[in-house]
Amino acid sequence: MTMSIPPRVSPGISPEISVVIPCRNEEANAALIAAAVIAQLEQVSDSFDIIFIDNASTDRTVAIIREMCAADPRIRLIVNTRNFGQMRSPTHAIFEASGDAVIAMCADFQDSPELLPRFVERWRAGVDIVLGVREKEKSTFLFGSLRRLFYAISRKVGEYPIIPNATGFGLYDRKVVRTIAAMKEPEPFFRGMLVETGYSTEIIPYPRPGRLRGLSNNNFFTLLDFALSGLASSSKNLIRLPFFVAGFCGVLTGLTILAALIAAVVGTPATPWLIAGAVELQFALLFGFLGLIGDQVRLTSERTRGTPLVVERERVNFPQDY
């Protein structure tokens, strides 16, 4: 494969814009998405690079990207030693990007390259985070229902509001990336962490098409794992839920004992009320201890983070000090 595009990123010099594209088995899309991104960004900048991060592809994806790297120094490649999942791998590449702004997008054209100039325009106008938000997307009834349930639960228990239908496709200022990297989250739910930073955010709605080519790497179980990790990382309330159950059981115990006293005063049997109160008290103590243990686990996790997001096998086209 040959690409007759003159290099515009000098070794050792940070580009204005870095585009991160995670991939796994994207041999049908890799060259096309690179060409599309280059065509769009050349309209607005003469200083950018594209970073592909491969998550253990079993097809020719890595070989195709290596050929592109040989033809164009603006294209770079990180190859993971194994599949580290769809949360850790893209985030690692975002942290490794050196652009003043970082754009994250998928390789299958569901994230429209035509939006990139608009992202850059809004960033240059002073917006720290510019997110593409899908207006509509073809989906099965099951996946659509689960997606709505995920956002409903997130709104109820989350520490901060997750932007509905934002997949992470967007542009992030360098200071936003640095802030998220400093959190050292081992399972980074990036779209939630963006909101957590509190930086200025603008959304741009767009119709999200289906995949251009190839098969999706997502299935029910990978999406379920993603949703559970997102809920766990964006909410302490889930861990503290046993405390609320314990409080409810405690109040119920008090009411039951009060009912037993009333029963004794009016001359009706109080024993069933006392037995029920004893059972409710046991549940209150049990969930109270579970809440304490859960909160200790949370604190321990926050204090001992240090697991690398991915382990790299190789890098292509990265300067020595990159």
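Enquirer: Explanation requested: the overall build of the protein in the structure shown.
Expert: When helices and strands are counted, the protein shows ten helices and eight strands. The contacts of the protein with a sequence gap of at least 6 include a subset with a gap of at least 24, amounting to 84%. Of the accessible surface of the protein, which amounts to about 16200 Å², a share of 61% is contributed by carbon and sulfur atoms.

Enquirer: Any chance you could explain the nonpolar core here in plain terms?
Expert: What tends to happen in soluble globular proteins is that the nonpolar side chains get buried as a cluster. Counting residues in hydrophobic clusters, the biggest one holds 39 residues, and the most contacted among them are Val19, Ile21, Val37 and Phe52. Residue contacts for valine 37: discarding those within four places in its chain leaves Val19, Ile21, Ile50, Met105 and Leu116. The next biggest cluster of nonpolar side chains, apart from the first, holds 21 residues, and it includes Ala93, Ile94, Ile180 and Phe318.

Enquirer: In this structure, what is going on with helix H1 (residues 30-41)? I would like to understand it.
Expert: The α-helix advances 3.6 residues per turn, and as a result positions three or four apart in sequence lie on the same side. Look at H1: 17 Å from first C-alpha to last across twelve residues, which is about the 16 Å you get at 1.5 Å a residue. Taken residue by residue, H1 has Ala30, Ile33, Ala34, Ala36, Val37, Ile38, Gln40 and Leu41 as its buried positions. The inward-facing, buried residues of H1 contact strand S1 (17-23), strand S2 (48-54), helix H2 (61-71), strand S3 (75-80) and helix H4 (116-124).

Enquirer: Sorry if this is basic, but what is going on with a nonpolar patch on the surface here?
Expert: A contiguous nonpolar surface patch, about 990 Å² in accessible area, is contributed by Phe248, Val251, Leu252, Leu255, Ile257, Leu258, Leu261, Ile262, Val265 and Val266. Take valine 265: it is sitting in helix H9 (residues 241-266).

Enquirer: Please clarify how the packing of aromatic side chains should be interpreted in this entry.
Expert: For any pair of aromatic rings, the description rests on two quantities: the centre-to-centre distance and the angle between the ring planes. Evaluation of the coordinates by the stated rule reveals four aromatic pairs. Residues phenylalanine 169 and tyrosine 206 carry aromatic rings whose centres are separated by 5.5 Å and whose planes lie at 75° to one another, so their mutual orientation is edge-to-face. Here tyrosine 206 lies in strand S7 (residues 201-206) and phenylalanine 169 lies in strand S6 (residues 166-173), a separation of 37 residues in the sequence. Comparing phenylalanine 169 with tyrosine 206, the two get one shared label, buried. Consider the rings of tyrosine 172 and phenylalanine 190, whose centres lie 5.2 Å apart with planes at 45°: the pair is tilted. You can see tyrosine 172 sitting in strand S6 and its partner phenylalanine 190 sitting in helix H7 (residues 190-197), a full 18 residues away along the chain. Comparing tyrosine 172 with phenylalanine 190, the two get one shared label, buried. An aromatic cluster is present here, built from Phe119, Phe169 and Tyr206 joined pairwise through their rings. Stacked on the ring of phenylalanine 318, the Lys or Arg arginine 76 has its end atom at 5.8 Å from the ring centre.

Thresholds, definitions, all that
- Residues numbered from 1 in each chain as written.
- Predicted model: local features only at pLDDT ≥ 70, side-chain atom pairs only at ≥ 80, totals over all residues.
- Heavy atoms only, no water.
- Helix = DSSP H or I, 4+ residues; strand = E, 2+ residues; numbered from the N terminus.
- Contact = heavy atoms within 4.5 Å.
- Areas by Shrake-Rupley, 256 points an atom, 1.4 Å probe, with all protein chains shown as cover.
- Core = buried A, V, L, I, M, F, W, Y, C linked by side-chain atoms within 4.5 Å.
- Buried < 20%, exposed > 50% of the residue type's maximum accessible area, 1.4 Å probe, protein only.
- Expected span 1.5 Å × (residues − 1).
- Patch = residues over 30% accessible without salt bridge, like charges linked within 9 Å, V, L, I, M, F, W, Y side chains within 5 Å.
- Salt bridge = Lys/Arg side-chain N within 4 Å of Asp/Glu carboxyl O.
- Phe/Tyr/Trp six-rings, centres within 6.5 Å; stacked < 30°, edge-to-face > 60°.
- Lys NZ or Arg CZ within 6 Å of the ring centre and 35° of its normal.

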